[in-house]
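Structural characterization, general
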Amino acid sequence: MRSAALIGTGSYLPDNVLTNFDLEKMVDTSNEWIMKRTGISERRIADKEMATSDLSIHAARRAIKSAKIDPLEIDMIIVSTSTPDSAFPSTACSVQNGIGAKNSYGFDLAAACSGFVYGLDLADGMIKSSRYDTVLVVGAEIFSRIIDWEDKSTCVLFGDAAGAAIIQVSEEPGIIASYCGADGAYADADLLGVPAGGSRMPASAATVDQKLHTVKMRGQEVFKLGVRIMPEAAQKVLDTAGVSIDQVDLVIPHQANSRIIEAVGDRIGIDPEKIYVNVNQYGNTSAASVIVALDEAIREEHAKVGDLILLTVFGAGLTWGSTLIRL
Ligand code: COA
């Protein structure tokens, strides 16, 4: 049977580390507060001259190397991001050029923190329908460019990163089940979003003065939504696949916050040792979060060939999704 398998992953984390102690010098916060509420101890910040496509190209090259393919085999490139290089042209076109994938076309996908799972869902559909054989899915963000560095309630949470995966046609089951959802009733930029810079509120001196180009969030509401939605999405793919949570080898939830991750683990009834967590090191890297975690888990041998891996995510929109993968 024609299936879509994940045959290689890669990630890129900028070298520059911003610790909670650095943040103590920037805003009225403390390492203790951040650790207790979020579990985050540090995050990475991209160099000023780097754009999201630069991070993506590093991650994509590593994924191509681990998949042992030629970039010319790639048919389609999906770059999931909320921080593209610019409104247009797409970040995906710069990635295509950077990796020399001349036989592909590509586009950016906007689904906030759910972006990588949305991208996997698309890649899976395109491969299973015989449209394409090889797809590169990237999740990449430079949130440090859209953060209000004077707002202690958001600036401690996010980090910069990119992750990439090669999905290719296979006889063996790879992506076993995939599910994505959305509820635009929550598409309120103050709940979670960036109000200005688009067609609703174009950039002006006033929007810059009011810092409307930075992330706004009502943290407690977002927290409750994440804890409810991620387990529901995970259960949906398990039901579709006819798999019980006990059969899953590793759960990788969106790395937003360790308290959300713990609550999600409790609700889906998984042994805490089977939940992969790296939010402490990198913060919330939005669309890059689960693919960076999966790549790290593979490299550290927490995830091995043959393992059953469950991804579950949520983000602004609201958007959510889950993927069950046999590695
Ligand atoms: N350092 C110190 N104090 C802070 C702070 C910080 N970095 N950020 C907020 N506070 C203060 C607030 O000002 C408030 O003070 P007050 O009681 O004097 O008014 C107090 O801490 C409590 O704020 P609150 O927002 O209620 O905290 P919380 O327990 O909800 O924790 C979050 C805040 C952001 C950590 C939490 O809501 C959260 O994790 N939400 C989900 C965020 C997320 O994952 N977003 C992305 C989803 S994709």
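Quantities reported herein were computed from a predicted structural model and do not represent experimental measurements.

**Comments concerning the packing of helix α8 (residues 219–241) against helix α9 (residues 258–268)**
At their nearest, the axes of α8 and α9 sit 9 Å apart, and the two run at 40° to each other. Judged on the interaxial angle alone, α9 and α8 are oblique. Remark: the crossing between α8 and α9 carries right-handed chirality. Contacts between α8 and α9 involve F223, G226, V227, R228, M230, P231 and A234 on the former and, on the latter, R259, I260, A263, V264, R267 and I268.

**Some details on the site of the ligand**
Contacts to the ligand come from 22 residues, most closely from T29, R37, K152, Q220 and N257. Side-chain polar atom of R37 to an oxygen atom of the ligand: 2.5 Å apart, as the coordinates give it. The side chain of N257 places a nitrogen or oxygen atom 2.5 Å from an oxygen atom of the ligand. Bound to the protein, the ligand loses 72% of the 960 Å² it would expose on its own. Every element with two or more residues in the shell around the ligand is listed here: α2 (31–38), α6 (152–155), α8 and α9. At four residues, the largest contribution of residues to the shell around the ligand is made by α8. Inspection of the shell around the ligand shows a minimum of three residues originating in each of domain 1 (3–172) and domain 2 (177–326).

**Quick notes on the packing of aromatic side chains**
On inspection of all chains with the given rule, the structure shows three aromatic pairs. Their ring planes at 55° and their centres at 5.9 Å tell us that Y105 and Y132 sit as a pair that is tilted. Here the residue Y105 occupies a position in strand β5 (residues 105–109), and Y132 occupies one in the loop between α5 (115–128) and β6 (134–142), the gap between them amounting to 27 residues. Judged by relative accessible area, Y105 falls into the partly exposed class, the value being 36%.

**Brief notes about the domain arrangement of the protein**
Domain boundaries in the protein define domain 1 (3–172) and domain 2 (177–326). On a C-alpha basis, the centroid separation for the pair domain 1 and domain 2 is 14 Å. Listed by partner, the interface residues are 46 residues for domain 1 and 44 residues for domain 2. In this assembly, domain 1 packs against domain 2 so that about 3400 Å² is buried in total across both faces, 61% of it on carbon and sulfur atoms. Counting the surface domain 1 buries against domain 2, the share from its top three residues, C113, V117 and Y118, is 18%. Between domain 1 and domain 2 we count two salt bridges in total. We note a salt bridge from D148 to K211, for which the minimum N-O separation is 3.0 Å. Linking domain 1 with domain 2 are 24 residue pairs in polar contact (both at pLDDT 80 or more), by the criterion used here. Listed by contribution, the elements that provide at least two residues to the side of domain 1 that touches domain 2 are β1 (3–12), α2, β3 (42–44), α5, β6, α6 and β7 (160–170).

**Overview of the side chain of S56**
Examined against the element boundaries, S56 turns out to sit in helix α3 (residues 52–67). Not counting residues up to four positions away in its chain, the partners in contact with S56 are V79, V95, V138, A140 and A162.

**Regarding the packing of α3 against helix α4 (residues 91–99)**
Close contact between α3 and α4 brings their axes to 9 Å; oriented N to C, the two are set at 50°. When the axis of α3 is compared with that of α4, the two are oblique. As α3 packs across α4, the resulting crossing turns out to be right-handed. On the side of α3, the interface is formed by T52, S53, S56, I57, A60, R61 and I64, while α4 contributes T91, S94, V95, G98 and I99. Grouping the constituent residues of the contact of α3 with α4 by class yields five nonpolar, six polar and one charged.

Thresholds, definitions, all that
Every chain begins its residue count from 1, and numbering advances along the sequence as written. Per-residue local features of the predicted model are confined to residues with pLDDT of at least 70, and side-chain atom pairs are confined, for both listing and counting, to 80 or more; whole-chain, interface and lining totals are unaffected and use all residues. In computing side-chain properties, one takes all heavy atoms of the structure into account and sets aside hydrogens as well as water. Axis definition: a line fit to C-alpha positions, over the contact stretch in the case of helices; interaxial angles, taken between N-to-C directions, run 0 to 180 degrees. Helix numbering and strand numbering both begin at the N terminus, where a helix is a DSSP run of H or I of at least 4 residues and a strand a DSSP run of E of at least 2. Angular relationships are summarised with four words: roughly parallel below 35 degrees, roughly antiparallel beyond 145, roughly perpendicular across 65 to 115, and oblique for the angles in between. Crossing chirality is assigned from the near helix's rotation relative to the far helix, an anticlockwise turn below a right angle marking it left-handed and a clockwise turn marking it right-handed. Pairs of residues are marked as contacts when any of their non-hydrogen atoms sit within 4.5 Å. Being near a molecule or strand, for a residue, comes down to having at least one heavy atom within 4 Å of it. Any N or O atom pair separated by 3.5 Å or less is treated as a polar contact, with the protein-specific requirement of one donor-capable and one acceptor-capable atom, and with residues adjacent in sequence counted only for side-chain atom pairs. Computed by Shrake-Rupley with a 1.4 Å probe, the accessible areas treat only the displayed protein chains as cover when residues are assessed. Here the limits of each domain have been adopted from an automatic or database domain assignment. The criterion for an aromatic pair is that two Phe, Tyr or Trp rings (for Trp, the six-membered ring) have centres within 6.5 Å, with stacked assigned to planes under 30 degrees apart, edge-to-face to planes over 60 apart and tilted to the rest. Any residue under 20% of the maximum accessible area for its type is buried, any over 50% is exposed, and the rest in between are partly exposed; the area is computed with a 1.4 Å probe on protein chains only. Buried area is understood as the total, over both parts, of accessible area removed when two parts are fitted together, assessed with a 1.4 Å probe. Only one rule defines a salt bridge in this text: a Lys or Arg side-chain nitrogen within 4 Å of an Asp or Glu carboxyl oxygen. In this classification, the charged set is Asp, Glu, Lys and Arg, the nonpolar set is Ala, Val, Leu, Ile, Met, Phe, Trp, Tyr, Cys and Pro, and all remaining amino acids, among them Gly, are polar.

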